[in-house]
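Working through the structure, step by step
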Amino acid sequence: SLIAMSLAVLLAVTLPLAILKLAYPPEYLKDVVLLEAGRRLKREIAIQDVSLQVLPSIGIRVSGVEVFEAEGAQPREASIRLGSFLMSLEILPLLNQQLVINEFVLSAPAINLLVTAEGSSLDGLFGGEIDEEASSASTAGEASALDVDVHHIRINDGEFNFKDSATGTIVEVAKIEINSG
């Protein structure tokens, strides 16, 4: 009957998703994101919440992200803040070592760039070598490279703040909106 078939489809879809949410609870996801981001950025990072989204698509939402100045920087403030980011992706391509991101959304990102005689608040943020000791704690063995395909990127309500303490130059850009299509 139609009702039995509808219930079977509903169960076939929701059961694996429920198991996925149980296998990767929010605190586990938060720890993984903090470890990996800290390893790559070599900065102190704070995250308010990480959640796994299962409907209407599979995704991960991270909110309340702050990336702080390098150790010893004064004043010690967040050089990067994100209200949240959402990454929704397709599951089946993962089986073929492909990461297909349907949508990547940054909400309320803020970059605060302070330049002093000692350098910039973002110095070394994305460069340098990855901490291999921390990496081995988060991955087992050698991971093969993923082929990444991003379909849509959106940035909502972004801001960029620049301050050069030597010259007194201040630049503030607010309400940045970017939509890739």
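Attention here is on the structure that accompanies the text. (Residues numbered from 1 in each chain as written. Predicted model: local features only at pLDDT ≥ 70, side-chain atom pairs only at ≥ 80, totals over all residues. Heavy atoms only, no water.)

1. A look at the side chain of serine 88
- Relative to the assigned elements, serine 88 resides in strand β4 (residues 78-90).
- Relative accessible area serves as the criterion here: at 5%, serine 88 is assigned to the buried category.
- Residue contacts for serine 88: discarding those within four places in its chain leaves Ser57, Ile58, Gly59, Val100, Ile101, Asn102 and Glu103. (Helix = DSSP H or I, 4+ residues; strand = E, 2+ residues; numbered from the N terminus. Buried < 20%, exposed > 50% of the residue type's maximum accessible area, 1.4 Å probe, protein only. Contact = heavy atoms within 4.5 Å.)

2. With respect to helix α2 (residues 26-41)
- The end-to-end C-alpha separation of α2 is 22 Å, in line with the 22 Å expected for 16 residues at 1.5 Å each.
- All of the buried residues in α2 are Leu29, Lys30, Val33, Arg39 and Leu41.
- Following α2 by one or two positions, lysine 42 has its phi on the positive side, about 55°. (Expected span 1.5 Å × (residues − 1).)

3. Overview of the nonpolar core
- Among the nonpolar cores identified, the biggest contains 20 residues, and Ile47, Val50, Ile60 and Val62 are the most heavily contacted of them.
- Sorting the residues of this core by element identifies α2, β2 (49-53), β3 (58-68), β4 and β5 (98-116) as the ones contributing at least two each.
- Sort the elements by how many residues they give to this core and β4 lands first, with five residues.
- Among residues more than four places away in sequence, those in contact with valine 50 are Pro26, Leu29, Lys30, Ile60, Arg61 and Val62. (Core = buried A, V, L, I, M, F, W, Y, C linked by side-chain atoms within 4.5 Å.)

4. Some words on the pattern of salt bridges
- Under the definition given, this model contains three salt bridges.
- Residues glutamate 103 and arginine 154 are paired through a salt bridge, measuring 2.9 Å at the closest nitrogen-oxygen approach. Of this pair, glutamate 103 sits in strand β5 while arginine 154 is found in strand β8 (residues 153-164), placing the two residues 51 residues apart along the sequence.
- By relative accessible area, arginine 154 is classed as partly exposed at 26%. (Salt bridge = Lys/Arg side-chain N within 4 Å of Asp/Glu carboxyl O.)

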